[in-house]
Amino acid sequence: MKVALHGLALKAEYFSEVELLFDELIKHEFEIFATETFDRLMKMNGNQRLSYWVLETQEEIASMDFFISIGGDGTLLDTVCVVGQHEIPILGLNTGRLGFLATVATDRIKEAVEHLAEGNFQLESRVLLSLQSNRKFFNGIHFALNEFTIHKRDTSSMITVHTYIDGKYLNSYWADGLIVSTPTGSTGYSLSCGGPLITPGAKSFVITPVSPHNLNVRPIIVSDDSEISFEIEGRTDKFMISLDSRSTSISSDIKLSVKKEAFSANLVKLPHYHFFDTLRQKLNWGFDMRN
């Protein structure tokens, strides 16, 4: 089987774990490939002995059986962009901090590779958001695993985001911005702005205002079959939009809407893993210093 490795940054303290990963993949007779980004990372770390093929075309990427994201949640989000419509299963090896998406700790490398080799895992299909616009952004990568965000630019005054669901007027949000989040992204920016937690399999999006002027405005959950469109007003003509960690400046004449993407992201989940376990571990549920 063919496995591709992807990473954006790697501390020197984790290089021994990467070497262990290579040893285990070779032991289980995987063909090892790497993205060009990961290849540069390895060369920066003075790689001398690790051998792999470098992926250079979409056809080569499409031929992979698995991708392993080495880093934190940001790296996994970037891996989703690399995989795109090919829907190749992604395993998140966590060398970051929080790890809502990259859930496999480095002390489970041997176990994780063995499960991949034996097919002893489940795939979680995660919904993606698709940005529709009359202009191209983000090098044509118009989808996101976590969220789409409209935000005021720099320190300018609040903006007004007129929001429509399937063409029907919902609300005009006077706020610093507006987030449309997938269930996966509900544990991210949306959560920090007061949005609800949503289980990954829920067929819904959540619209969450960022610092709304009217305190009676609350997040709302809508069907992921909906198309959500926007008109933006403000004292300036420039605003910010983002898809996950990618952001750009736009003007108010740009037409914007989001809906469910035609393809999904497939995340590898090892045995005995459950989303509720991650919530308890990462959010310290049930933890009380008095006990």
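Rules used in this analysis
- Residues numbered from 1 in each chain as written.
- Predicted model: local features only at pLDDT ≥ 70, side-chain atom pairs only at ≥ 80, totals over all residues.
- Heavy atoms only, no water.
- Pairing = 2+ DSSP bridges.
- Helix = DSSP H or I, 4+ residues; strand = E, 2+ residues; numbered from the N terminus.
- Salt bridge = Lys/Arg side-chain N within 4 Å of Asp/Glu carboxyl O.
- Buried < 20%, exposed > 50% of the residue type's maximum accessible area, 1.4 Å probe, protein only.
- Contact = heavy atoms within 4.5 Å.

A. Summary view of the sheet that holds strand 19 (residues 256–260). Strand order in the open sheet formed by six strands is 9-8-19-16-11-12, and the pairing between neighbours is antiparallel. On the outer flanks of this sheet lie strand 9 (143–144) and strand 12 (168–175), each paired with one strand and no other. Bridge count between strand 8 (residues 129–133) and strand 19: five bridges; the pairing is antiparallel. In the sheet register, Gln-132 faces strand 19, and the bridge partner there is Ser-257.

B. Representation of the pattern of salt bridges. With the rule as written, the count across this model stands at nine salt bridges. Note that Arg-108 is salt-bridged to Glu-111, the shortest N-O span being 2.8 Å. The partly exposed category is assigned to Arg-108, whose relative accessible area is 25%. Arg-126 serves as the salt-bridge partner of Glu-124, at 2.6 Å between the closest nitrogen and oxygen.

C. Region of interest: the side chain of Asp-39. Note on placement: Asp-39 falls in helix 2 (residues 36–44). Since its relative accessible area comes to 11%, Asp-39 is described here as buried. Discounting chain neighbours no more than four positions away, the residues touching Asp-39 are Tyr-52 and Val-54.

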